[in-house]
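# Geometric and topological summary
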Amino acid sequence: MATKRIPPYIKPAGYLRNGGSFLIDLGFALLTMLILFFAFGQPVIYGNLLQGPSYTTKYNDLAKESGFAYEDGEGHIKEFVQKADLNLRNKPRYQQYTLFVDQIWHYFYDVVPSSEKIAFQPSDGFASDFEKGSEGYRRDAGKWVYSSFFGIDESGKGTFFTYPSDADFDFNKAPVLDAATSAASQSADEKTSTDALQSVWYYIYENGNSRYKAALAHFQNQPVARGYKDTQLYALYFSAYPSILIGSLVFFFLIPMLSRNGQTLGKKILHVAVIGSDGFTAPKWKIGIHYGLIVLPFLLLMIPYVIVTLMVFFLYFLVDYIVMLMQKNHQSVHDLASMTIVINSESSLWFPSPESRDKYITLHPSSFPALYQRELETGITKESQGRKEAATDALAAEQEGIVDSRTLERAAAIQEQAKEAAKEIVYDNDADPKGEGDFVDGKGEDDAH
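A brief structural summary.

Analysis parameters
- Residues numbered from 1 in each chain as written.
- Predicted model: local features only at pLDDT ≥ 70, side-chain atom pairs only at ≥ 80, totals over all residues.
- Heavy atoms only, no water.
- Helix = DSSP H or I, 4+ residues; strand = E, 2+ residues; numbered from the N terminus.
- Buried < 20%, exposed > 50% of the residue type's maximum accessible area, 1.4 Å probe, protein only.
- Contact = heavy atoms within 4.5 Å.
- 1 Å grid on protein atoms, 1.4 Å probe; cavity = no way out; pocket = protein on both sides within 12 Å on 5 of 7 lines; lining within 4 Å.
- Points joined across faces, edges and corners; volume = space filled by probe spheres on them.
- Nonpolar A, V, L, I, M, F, W, Y, C, P; charged D, E, K, R; others polar.
- Phe/Tyr/Trp six-rings, centres within 6.5 Å; stacked < 30°, edge-to-face > 60°.
- Lys NZ or Arg CZ within 6 Å of the ring centre and 35° of its normal.
- Pairing = 2+ DSSP bridges.
- Patch = residues over 30% accessible without salt bridge, like charges linked within 9 Å, V, L, I, M, F, W, Y side chains within 5 Å.
- Areas by Shrake-Rupley, 256 points an atom, 1.4 Å probe, with all protein chains shown as cover.
- Salt bridge = Lys/Arg side-chain N within 4 Å of Asp/Glu carboxyl O.

## Digging into the overall build of the protein
A count of helices and strands for the protein gives 17 helices and ten strands. Put simply, the protein has 449 residues, and 43% of those count as buried. Of the contacts formed within the protein by residues at least 6 apart in sequence, a portion of 61% connects residues at least 24 apart.

## Some thoughts on the layout of surface pockets
In this structure, the largest pocket encloses a volume near 620 Å³. Among the elements of the structure, helix H1 (15-49), helix H8 (223-238), helix H9 (241-258) and helix H12 (306-326) are those that each provide at least two residues to the lining of the largest pocket. Of the residues belonging to the lining of the largest pocket, the class tally is 18 nonpolar, two polar and one charged. There is about 340 Å³ of room inside the second largest pocket. If you go around the second largest pocket, you meet 22 residues; those closest to its centre are Gly-19, Phe-22, Phe-317, Asp-320 and Tyr-321. At the level of secondary structure, the elements contributing two or more residues to the lining of the second largest pocket comprise H1, helix H11 (284-300) and H12.

## Re the packing of aromatic side chains
For the structure shown, the criterion picks out 48 aromatic pairs. Ring centres of Phe-149 and Phe-150 lie 5.9 Å apart, and the angle between their planes is 70°; this geometry places the pair in the edge-to-face category. Each member of the pair, Phe-149 together with Phe-150, is buried. Lying over the aromatic face of Tyr-55, Lys-58 brings its terminal NZ or CZ to 4.8 Å of the ring centre.

## As for the pairing of strand E5 (residues 272-276)
Counting buried positions along E5 yields five of five residues, so the element is predominantly enclosed. As defined by bridge partners, E5 adjoins strand E6 (residues 340-344) across five bridges and the pair is classed as antiparallel. Of the residues in E6, the one forming a bridge with Ile-275 is Ile-341.

## Considerations on a nonpolar patch on the surface
A cluster of nonpolar side chains, Tyr-15, Leu-16, Leu-315, Leu-318, Val-319, Tyr-321, Ile-322, Leu-325, Met-326 and Val-333, forms an exposed patch at the surface whose accessible area comes to about 960 Å². Where the nonpolar patch is concerned, the elements lending two or more residues are H1 and H12. Broken down by element, the residue count for the nonpolar patch peaks at seven residues, all from H12. Of the residues examined, Leu-315 reaches a relative accessible area of 52% and is grouped as exposed.

## A few points about the environment of Phe-368
By the element assignment, Phe-368 lies in helix H15 (residues 368-378). Considered as a pair, Phe-368 and Tyr-9 are 359 residues apart in the sequence and their alpha carbons are 7.2 Å apart.

## Points about the pairing of E6
Here E6 lies mainly inside the structure; five of its five residues are buried. Alternating residues of E6 divide into Thr-340, Val-342 and Asn-344 and Ile-341 and Ile-343, and every residue in both groups is buried.

## Details of the pattern of salt bridges
Under the criterion given, the structure shown has nine salt bridges. With a shortest N-O distance of 3.9 Å, Arg-139 and Asp-170 are connected by a salt bridge. One end of the pair, Arg-139, is in helix H4 (residues 135-149); the other, Asp-170, is in the loop between strand E3 (161-162) and strand E4 (176-177), and 31 residues separate them in sequence. For Arg-139, a relative accessible area of 27% corresponds to the partly exposed category. It is possible to trace a salt-bridge network through shared partners that takes in Asp-61, Lys-64 and Glu-71.

See below:
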């Protein structure tokens, strides 16, 4: 019965060479993807076919209408937070809270009640008996802002803010600081004044659920605004498809399928190759499965859920690499699934088939493969790690399962001879000095790889 072990004259590639070759190929693939995207994907697919920039323009126009963006003197769209009132420009940032209060009020009192594309949503709990755009509707919107947005009750109590004291107030003016906060902010003691204003600033803008950020989220979650943004993002994402496909297929499938022994550019650079786990040259279908399982996570990147697909992508290769570290022969998941192994092509000898191996052994009776095969047929093999194993059922039957010390000594001696013979095969003039694994017999025929 033939052994299933990989012959000792085949050296698996270490995890550094194996992982390094992948990173080199990944670098080539990513560079190609970027070049294709900026040369073709963005200008042709995103710009012309999918009209991505037009949706960006529509979103920016809506953002300007809402007041959360503005256009500077040079035609650039900037966020409202970059804007500063001339009277406050040279003052500390926390004193600019009034700008953000005014923006919130402008959005909910002026924009939402009158805009055709921006509206209160069912989750807001807003109701009015008046027609949108009317003064009554605006007044109801102002009342909603006081109660639902700033949490100001009928008595005027809220967080830092209250009703204006104007006699004609009818929910048509923005909230103002309550008496206690206003007094503290105007205190002669600088620390008291600063602490009060910084607390207001934190409430209005800085904290995670600030009033300004909540108002901004209200705009961004508008169906029209979200539709413009999503369409623009999908256009951008779909424009990257050709780049992802071409970059991954060229470097992780076409090149290894067309090259000898499944070598990618990275594998050629680091002198590693892909063969069958039986120790012979892998047929193309095994090479195809091997690299098809590598290309698969790249294709998953085409699913338009960026965070999820990136997590799956990195998790896939992390598990693949961990499995490789745990395997004796450094076989990863795609190696095990395709019945292949990545080897060091500089120090390995492998054959296209058992027939070519037998022919090589006949022509080179003192070679490492010949000695190793003879040991399989007649006795004990002793691997480089010092483990001993019965190689055939015939030998086990002949010796009745008994291995004495003389047999072990003989195996050790032959192993040393095999090592010397291996050096002759790999490094003398029978071997290809370039380390490609091509061996030529006396008749000039290729018998081994």
